[in-house]
Amino acid sequence: MIYLNDVLVGSKTWEDHIQHLEDSFCQLQRYNLKLNLKKCIFAAPEIEYLGYTISAGSIKPGKEKTQAVKEFPAPKTVKKKSDNSQDSPITLEPSSRDMQS
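Residues numbered from 1 in each chain as written. Predicted model: local features only at pLDDT ≥ 70, side-chain atom pairs only at ≥ 80, totals over all residues. Heavy atoms only, no water.

Trainee: So, the confidence of the model for the chain: which residues are in play, and what are the values?
Mentor: Detailed reading of the predicted model is not advised wherever pLDDT is low. In the predicted model, the chain carries a mean pLDDT of 82, and the fraction of residues at 70 or more is 78%. Considering each helix and strand of the chain separately, the mean pLDDT is smallest for helix H3 (residues 96-100), with a value of 56, and largest for helix H1 (residues 14-30), with 95. (pLDDT = per-residue confidence, 0-100. Helix = DSSP H or I, 4+ residues; strand = E, 2+ residues; numbered from the N terminus.)

Have a look at this one:
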């Protein structure tokens with residue numbers, strides 16, 4: 001897969017991967033395109049790319065995305081529709097029963 005200036009090569013077997021890399025390198029060379037080896041990662045079982053974690057047979061939201069959801073603060077108010085169709089917030093406060101436990 002090629003996206004902007006990134007090239008991802010995924011394969012089912014090691015032998016296929018070597019062949020796919022060789023084919024990719026030939027195409028890059030054919031069009032006189034260069035790779036920055038400092039930015040290259042080869043034969044990685046899992047990568048973070050465009051906010052997702054990609055591995056064999058799975059694409060999941062990346063760690064940063066899931067961490068943001070885990071750290072999102074719990075709501076302190078609830079909006080309730082009143083008879084006049086205006087939202088009025090209700091403050092959530094612990095009850096005296098909650099404080100005893």
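Trainee: Would you mind going over the pairing of strand S5 (residues 58-61) in detail, with residue names and values included?
Mentor: Where strand S4 (residues 52-55) and S5 come together, four bridges link them in antiparallel fashion. In the sheet register, Ile-54 faces S5, and the bridge partner there is Ile-59. What sits between the antiparallel neighbours S4 and S5 is a turn of two residues, in which Gly-57 has the positive phi angle 75 degrees. (Pairing = 2+ DSSP bridges.)

Trainee: Any chance you could break down the environment of Ser-55 for me, citing the residues and the numbers?
Mentor: One can find Ser-55 in strand S4. The spatial distance from the C-alpha of Ser-55 to the C-alpha of Pro-45 is 6.0 Å, given a sequence separation of ten residues. Leaving out residues up to four positions away in the same chain, Ser-55 has contacts with Pro-45 and Glu-46. (Contact = heavy atoms within 4.5 Å.)

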